[in-house]
Amino acid sequence: MTTIGSAQRGFTLTWMLDSSPAEVFRAWTDPEHLDWFYNDSMPVPPDPIELDLRVGGVWRQRMVIDATTDYVTGGVYLEIVPDEKLVYAWGATGGWPELDPEKLDANPVVTVLLERVEGRTQMIVSFELPAGLSEDEVKHWFSLGVRDGMRNTVNRLAAVFASTPIPA
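Reference entry: report on the structure contained in this document.

Focus on the nonpolar core
Right, so step 1: By size, the foremost hydrophobic cluster in this structure holds 35 residues, and its most contacted members are Trp28, Met123 and Val125.
Right, so step 2: For this core, the elements supplying multiple residues, two or more each, are β3 (10-17), α1 (21-29), β5 (58-66), β7 (85-90), β8 (109-117), β9 (120-128), α2 (135-143) and α3 (146-160).
Right, so step 3: Counting residues per element, this core draws most heavily on α3, at five residues.
Right, so step 4: If near-sequence neighbours (up to four positions away) are discounted, Trp28 is found in contact with Leu34, Trp36, Leu51, Tyr77, Leu86, Tyr88, Val112, Met123, Val125, Val154 and Leu157.

Written as structure tokens, this is what we have:
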């Protein structure tokens, strides 16, 4: 991961999933299979998931953290290689993190890589903060708990496929 000063700008999380890359890719890109994203201790929000799977297309989904905290999140797709790779600028217009479609390089980028390994799927999820952030801004992002939040969210997907998280 890239660093600025002493601050690391991102992280990578890895899982081995008992599923095919196609099934895992579908879980990331098909609204009918994105229910893993929801916090399982909270009610499922009534808002429909919006997803336009094309480069420049938008994914929007309401995230409910607890009884008093919910927001729309998602992203804008930057690269799509079916069953292998998904890259998106993380955020949502009017959501969290705030995303301006005209300034996608101002948002974190999430990359999901899928590879068949010995009958299972290795899923690597990388999170990278924008290059223009100061060291203090990078520290602030990490103080918000983005690493644990990403791990906890994607762990719900991993549970669907009876997987093994690989310690970072």
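Digging into the layout of surface pockets
Right, so step 1: By volume, the largest pocket amounts to about 420 Å³.
Right, so step 2: For the largest pocket, the lining is made up of 24 residues, of which Met63, Tyr71, Gly149, Met150 and Thr153 are closest to its centre.
Right, so step 3: Listing elements by their share of the lining of the largest pocket, those giving two or more residues are β5, β6 (69-81), β7 and α3.
Right, so step 4: Counting residues per element, the lining of the largest pocket draws most heavily on α3, at eight residues.

Observations regarding the pattern of salt bridges
Right, so step 1: Taken as a whole and judged by the stated rule, the model has seven salt bridges.
Right, so step 2: For Asp47, the salt bridge identified is with Arg62, shortest N-O distance 3.0 Å. Placement of the pair is Asp47 in the loop between α1 and β4 (50-51) and Arg62 in strand β5, with a sequence separation of 15 residues.
Right, so step 3: The exposure class assigned to Asp47 is partly exposed, which follows from its relative accessible area of 29%.
Right, so step 4: The closest approach of N and O atoms between Arg60 and Glu50, which form a salt bridge, is 4.0 Å. Here Arg60 is found in strand β5, whereas its partner Glu50 is found in strand β4, with ten residues between them in sequence.
Right, so step 5: The structure contains a network of salt bridges with shared partners spanning Asp47, Arg62 and Asp70.

About the thresholds
- Residues numbered from 1 in each chain as written.
- Predicted model: local features only at pLDDT ≥ 70, side-chain atom pairs only at ≥ 80, totals over all residues.
- Heavy atoms only, no water.
- Core = buried A, V, L, I, M, F, W, Y, C linked by side-chain atoms within 4.5 Å.
- Buried < 20%, exposed > 50% of the residue type's maximum accessible area, 1.4 Å probe, protein only.
- Helix = DSSP H or I, 4+ residues; strand = E, 2+ residues; numbered from the N terminus.
- Contact = heavy atoms within 4.5 Å.
- 1 Å grid on protein atoms, 1.4 Å probe; cavity = no way out; pocket = protein on both sides within 12 Å on 5 of 7 lines; lining within 4 Å.
- Points joined across faces, edges and corners; volume = space filled by probe spheres on them.
- Salt bridge = Lys/Arg side-chain N within 4 Å of Asp/Glu carboxyl O.

By themselves, these observations are geometric and do not establish any function.
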